[in-house]
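Close look at the chain arrangement
Letter by letter, the chains look like this.
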Amino acid sequence: RVAKAAAYAARVHDGQTRTGTEAPKMAHLLGVTANVLEDAGRDGAVDEDEAVAALLHDAAEDGGGRERLDDIRQRFGERVAEIVEALSDSLDPEPPPWRERKEAYLRSLDGEERPSVLRVSLADKLDNMRAIVAAHRIQGDAFWERFHPRDDTLWYYGTRADIFSEKAPGPMAEELQSS
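Okay, so let's go over this structure. Position numbers for residues count from 1 along each chain, tracking the sequence in the order it is written. Per-residue local features of the predicted model are confined to residues with pLDDT of at least 70, and side-chain atom pairs are confined, for both listing and counting, to 80 or more; whole-chain, interface and lining totals are unaffected and use all residues. The basis for the side-chain values is all heavy atoms of the structure; hydrogens and waters are excluded.

When you line up the elements, aspartate 49 lands in helix H3 (residues 48-56). Along the chain, aspartate 49 and histidine 13 lie 36 residues apart, while their C-alpha atoms are 20 Å from each other. The criterion used for residue contact is that any of the two residues' heavy atoms lie within 4.5 Å. In this structure, aspartate 49 is in contact with Arg1, Arg79, Val80 and Ile83, ignoring residues within four places of it in sequence. Numbering of helices and strands runs from the N terminus, with a helix taken as a DSSP run of H or I at least four residues long and a strand as a DSSP run of E at least two residues long.

The next point concerns the layout of surface pockets. A cavity here means a set of points on a 1 Å grid, drawn over the protein atoms and nothing else, where a 1.4 Å probe fits but cannot get out; a pocket is an open set with protein on both sides within 12 Å along at least five of seven lines, and a residue lines either one if it has an atom within 4 Å of a point. Grid points are joined across faces, edges and corners, and a volume is the space filled by probe spheres set on the points. Taken as a whole, the largest pocket spans an internal volume of roughly 720 Å³. As for the largest pocket, its lining consists of 36 residues, and the residues nearest its centre are Thr19, Lys25, Glu61, Asp62 and Lys102. At the level of elements, helix H2 (25-42), helix H4 (59-62), helix H7 (98-111), helix H8 (115-139) and helix H10 (150-167) are the ones that each hand at least two residues to the lining of the largest pocket. Here the lining of the largest pocket takes five residues from H8, the largest share from any one element.

Core analysis: the biggest nonpolar cluster contains 50 residues, and Leu56, Ile72, Phe76, Val80, Val84 and Leu176 have the highest contact counts within it. Here this core takes nine residues from H8, the largest share from any one element. Setting aside chain neighbours within four positions, we find leucine 56 in contact with Ala5, Tyr8, Ala9, Ile72, Phe76, Val80 and Val84. To define a nonpolar core, start from buried Ala, Val, Leu, Ile, Met, Phe, Trp, Tyr and Cys residues and group those joined through side-chain atoms within 4.5 Å. For every residue, the accessible area obtained with a 1.4 Å probe (protein chains only) is divided by the maximum for its type, and the residue is called buried under 20%, exposed over 50%, and partly exposed between those limits.

So, on to the packing of H3 against H8. Note on geometry: axes are lines fitted to C-alpha atoms, helical ones only across the stretch in contact, with angles between N-to-C directions running from 0 to 180 degrees. Remark: H3 packs on H8, axes separated minimally by 10 Å, with the N-to-C direction vectors making an angle of 40 degrees. Relative to H8, the element H3 lies oblique. When the axes of H3 and H8 are compared, the crossing they make is right-handed. Contacts between H3 and H8 pair Glu50, Ala53 and Ala54 from the former with Ser116, Arg119 and Val120 from the latter. Here the term charged refers only to Asp, Glu, Lys and Arg, the term nonpolar to Ala, Val, Leu, Ile, Met, Phe, Trp, Tyr, Cys and Pro, and the term polar to all other amino acids, Gly among them. Along the lines of polarity and charge, the residues of the contact of H3 with H8 split into three nonpolar, one polar and two charged. An angle below 35 degrees is treated as roughly parallel, one above 145 as roughly antiparallel, one from 65 to 115 as roughly perpendicular, and anything else as oblique. In this scheme the handedness of a crossing depends on how the near helix is turned from the far one: anticlockwise by less than a right angle means left-handed, clockwise means right-handed.

The α-helix advances 3.6 residues per turn, and as a result positions three or four apart in sequence lie on the same side. The buried fraction of H3 is high, at eight of nine residues. The set of residues buried in H3 consists of Asp49, Glu50, Ala51, Val52, Ala53, Ala54, Leu55 and Leu56. Residues of H3 that are buried sit in contact with helix H1 (2-12), H2, H4, helix H5 (65-76), helix H6 (78-87) and H8. Pairing of N or O atoms within 3.5 Å defines a polar contact, subject to two protein rules: one partner must be a possible hydrogen donor and the other a possible acceptor, and residues neighboring in sequence count only if both atoms are side-chain atoms. The N-cap of H3, judged by a side-chain oxygen 2.9 Å from the amide nitrogen of aspartate 49 a few residues on, is aspartate 47.

This brings us to the side chain of serine 116. Turning to its location among the elements, serine 116 is positioned in helix H8. When its relative accessible area of 11% is taken as the criterion, serine 116 is described as buried. Residue contacts for serine 116: discarding those within four places in its chain leaves Asp47, Glu50, Arg79 and Ile83.

Attention shifts here to the pattern of salt bridges. When the charged atoms of two side chains with opposite charge come close together, those side chains can pair. We define a salt bridge as a contact between a side-chain nitrogen of Lys or Arg and a carboxyl oxygen of Asp or Glu at a distance within 4 Å. For the structure on display, the rule yields 21 salt bridges. Between arginine 1 and aspartate 49 there is a salt bridge, and its shortest N-O distance comes to 2.8 Å. Of the two residues, arginine 1 sits in the segment before H1 while aspartate 49 sits in helix H3, which places them 48 residues apart along the sequence. Within the structure, one salt-bridge network assembled from shared partners comprises Arg1, Asp47, Glu48, Asp49 and Arg79.

Helices are assigned an expected span. That span is 1.5 Å times one less than the residue count. Its 18 residues place the ends of H10 26 Å apart at the C-alpha level, agreeing with the 26 Å of an ideal helix rising 1.5 Å per residue. Buried within H10 are the following residues: Thr153, Tyr156, Tyr157, Arg160, Ala161, Ile163 and Phe164. Considered in projection along H10, the buried side chains sweep an arc of 165 degrees and stay on one side of the axis. Summarising the geometry of H10, the exposed residues directed more than 90 degrees from the buried face are Asp151 and Glu166. For H10, the secondary structure elements touched by its buried residues are H7, H8, helix H9 (143-146) and helix H11 (171-178). Within this analysis, the arc is defined by the directions that extend from the helix axis to the C-beta atoms.

Looking at the element boundaries, threonine 33 is found in helix H2. Residue classification places threonine 33 among the buried positions, given a relative accessible area of 6%.

This is the structure:
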């Protein structure tokens, strides 16, 4: 299932790059999946649905909305689709403004109690933060011209780090908090 999900994600995200860089979107999806598998492996609870959801977590949001989510549900199961949906800040063809989406997502995450959703979401944000730090080291403040505004990004990731530190403590949350 993981190999099928990787091939599916590669088709859905073909030609897409990571925001603010020229890196293929698949680099991010594989990074998130690696984070999930390593974190789950620490406690011996590797979960194939979490790995599949990590590969597909942006597929509905970035490539087809609710129709894509229904396709994921049919191909990979209800639990994977539930995780993907929980990680999508909008499935609407015309999503609300960035700040509004992020505030709503933070509220939902703060109330989230499903360990699988928290693990995949944390793995996603950790991979994003690593990429942001690396890009900023190379590009300096010019990076923010290609990405979201600096202050908004720091607010969003700082708030998420606080939520994860409370709800999903461990090495990933500690690394995100210290970034």
